[in-house]
Amino acid sequence: MFKDLENKLKNAEKIVFVTGAGISQESGIPTFRGKDGYWRKHDPMKLATIDAFYEDPKLVWEWYEDRRKNILAAQPNPGHKAIAELEKYVKVVVLTQNIDGLHQRAGSTNVLELHGSIIRIKCTVCDFKDEVTSTFERLPPICKCGEMLRPDVVWFGEGLPQDVWGEAINHANSCDVMIIAGTSLVVSPANSLPMYARQNNSILIEVNPEPTVMTSDMDLSLQTTSANALPQLVSILKSDLNV
Ligand code: BJW
Ligand code: ZN
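Cut-off values and rules
Residues numbered from 1 in each chain as written. Chains lettered and ligands numbered in written order. Predicted model: local features only at pLDDT ≥ 70, side-chain atom pairs only at ≥ 80, totals over all residues. Heavy atoms only, no water. Near = heavy atom within 4 Å. Polar contact = N/O pair within 3.5 Å; in protein donor to acceptor, adjacent residues only side chain to side chain. Areas by Shrake-Rupley, 256 points an atom, 1.4 Å probe, with all protein chains shown as cover. Phe/Tyr/Trp six-rings, centres within 6.5 Å; stacked < 30°, edge-to-face > 60°. Helix = DSSP H or I, 4+ residues; strand = E, 2+ residues; numbered from the N terminus. Buried < 20%, exposed > 50% of the residue type's maximum accessible area, 1.4 Å probe, protein only. Lys NZ or Arg CZ within 6 Å of the ring centre and 35° of its normal. Expected span 1.5 Å × (residues − 1). Contact = heavy atoms within 4.5 Å. Donors = N, O, S within 2.8 Å, 3.2 Å for Na, K, Ca; no water. Tetrahedral: all angles 85-135°; square planar, octahedral: opposite > 155°, others 65-115°. Axes fitted to C-alpha atoms, helices over the stretch in contact; angles between N-to-C directions. Parallel < 35°, antiparallel > 145°, perpendicular 65-115°, else oblique. Left-handed = near helix turned anticlockwise from the far one by under 90°. Pairing = 2+ DSSP bridges.

Here's the deal with the site of ligand 1
Line of reasoning, step 1. Close to ligand 1 lie 31 residues; Arg33, Tyr64, Thr183, Ser184 and Ser188 are nearest.
Line of reasoning, step 2. In the model, an oxygen atom of ligand 1 is placed 2.8 Å from a nitrogen or oxygen of the His115 side chain.
Line of reasoning, step 3. Here ligand 1 has 1500 Å² of accessible area as a free molecule, and 74% of this is covered by the chains.

This is how it looks when you write it as structure tokens:
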């Protein structure tokens, strides 16, 4: 079993990371469902659905503005940096549910944002999209067309950007190793990505201090934090890879 695992790791040509809120926890960004997670204090249906947004746009915007300030002040941690470092040795793709941009800031160049980005805004009606890092004077901000602007993120009940999701499936279908870090794997469709990788007979490795709904499906489960495990894992991969 371990010989098989070792051989597959050595010969890996493409490694895909699937990441979630837990990978940014050590950068000071709260998770959703963990201890101190957002959904422990707030009802997701009141903050992360289009109905909630139309019900109380100011409240939803205030939540995103608070998070944006925290995210812009945060720094990538050793987990993000280790993933970026691995790109020097093998093809790496990051499929992230996070909207914080920390993978890109750590240096990863091939990142697909499944749930959008907190830096981007879009109009609720017209095609207007923009990137914003400053704060708004009035909430909710209004588009030139007179309608409300919203964060360009994916809320419950909304489809993922089709092109991004299509590419994510292709990468999951064609990777040799999938490393799943810092996600509870309860939110669909992102939680189906390990199944696509499994169909390709790829190795599944999970990094999470807590067991998840898919821990028993993993080839290897590292029950520790990503800032602890990923630098070690990447250094083993670097020395194992036939590069
Ligand atoms: C560490 C760590 C450390 C801690 N190191 N690890 C009924 C009504 C409406 C929808 C549905 C429904 N039933 C099912 C659905 C589908 C729904 C869904 O999956 N719901 C489930 C929750 C039941 N999915 C959707 O709606 C998706 N769209 C969709 O399916 O479209 C098709 C469709 C369209 C139209 C009609 C019908 C279907 C969209 C999902 C969008 C998710 N949006 C959010 C918020 C927006 C972005 C934002 O503001 O940030 O995305 S919710 C939130 O969950 C956020 C995250 O990206 C996402 C995933 O969470 P994640 O990353 O896994 O975080 P946590 O907190 O859950 O886990 C953190 C983990 O880290 C834990 O395991 C810790 O142990 C660990 N950890 N410290 C490593 N240091
Ligand atoms: Zn508009």
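On we go.
A word on the packing of aromatic side chains
Line of reasoning, step 1. This model, assessed by the stated rule, comprises nine aromatic pairs.
Line of reasoning, step 2. Ring centres 5.3 Å apart and planes at 75° place the aromatic pair Trp61 and Phe136 in the edge-to-face group. You can see Trp61 sitting in helix α5 (residues 57–73) and its partner Phe136 sitting in the loop between β5 (129–131) and β6 (149–153), a full 75 residues away along the chain.
Line of reasoning, step 3. For Trp61, a relative accessible area of 2% puts it in the buried group.
Line of reasoning, step 4. By the ring-pair criterion, three or more aromatic residues cluster together here, those being Phe32, Tyr38, Trp39, Phe53, Tyr54, Trp63, Tyr64 and Trp155.
Line of reasoning, step 5. The ring of Trp63 has Arg67 lying over it, and the distance from NZ or CZ to the ring centre is 4.3 Å.

Here's the deal with α5
Line of reasoning, step 1. Between the first and last C-alpha of α5 there are 24 Å, a value that for 17 residues agrees with the 24 Å anticipated at 1.5 Å per step.
Line of reasoning, step 2. Here α5 has its buried residues at Pro57, Val60, Trp61, Trp63, Tyr64, Glu65, Arg67, Arg68 and Ile71.
Line of reasoning, step 3. Against the buried residues of α5 lie α2 (38–41), α3 (44–47), α4 (50–55), α7 (102–106), β4 (116–123) and β6.

A look at the coordination of the zinc ion (ligand 2)
Line of reasoning, step 1. The coordination sphere of the zinc ion (ligand 2) contains the protein donors Cys123 (SG), Cys126 (SG), Cys143 (SG) and Cys145 (SG), at a distance range of 2.2 to 2.3 Å.
Line of reasoning, step 2. Considering all four donor atoms around the zinc ion (ligand 2), the spread of angles at the metal, 104 to 120°, places the coordination shape in the tetrahedral class.
Line of reasoning, step 3. Each donor residue of the zinc ion (ligand 2) lies on the same chain, and together they follow the pattern C-x2-C-x16-C-x1-C.
Line of reasoning, step 4. Owing to a relative accessible area of 6%, Cys123 belongs among the buried residues under this scheme.

Topic: the packing of helix α6 (residues 78–86) against helix α10 (residues 226–240)
Line of reasoning, step 1. One way to put it is that α6 packs onto α10 with a least axis distance of 7 Å and a crossing angle of 20°. On the basis of the axis angle, α6 is roughly parallel to α10. Seen from above, α6 lies across α10 with left-handed handedness. Listed contacts from α10 to Pro78, Gly79, Ala82, Ile83, Glu85 and Leu86 of α6 are Ser226, Ala227, Leu230, Pro231, Val234, Leu237 and Lys238.

Some thoughts on the pairing of β6
Line of reasoning, step 1. Most of β6 sits out of view: five of its five residues are buried.
Line of reasoning, step 2. In terms of strand pairing, β4 meets β6 through five bridges, oriented antiparallel. Among the inter-strand pairings, Ser117 is bridged to a residue of β6, identified as Asp152.

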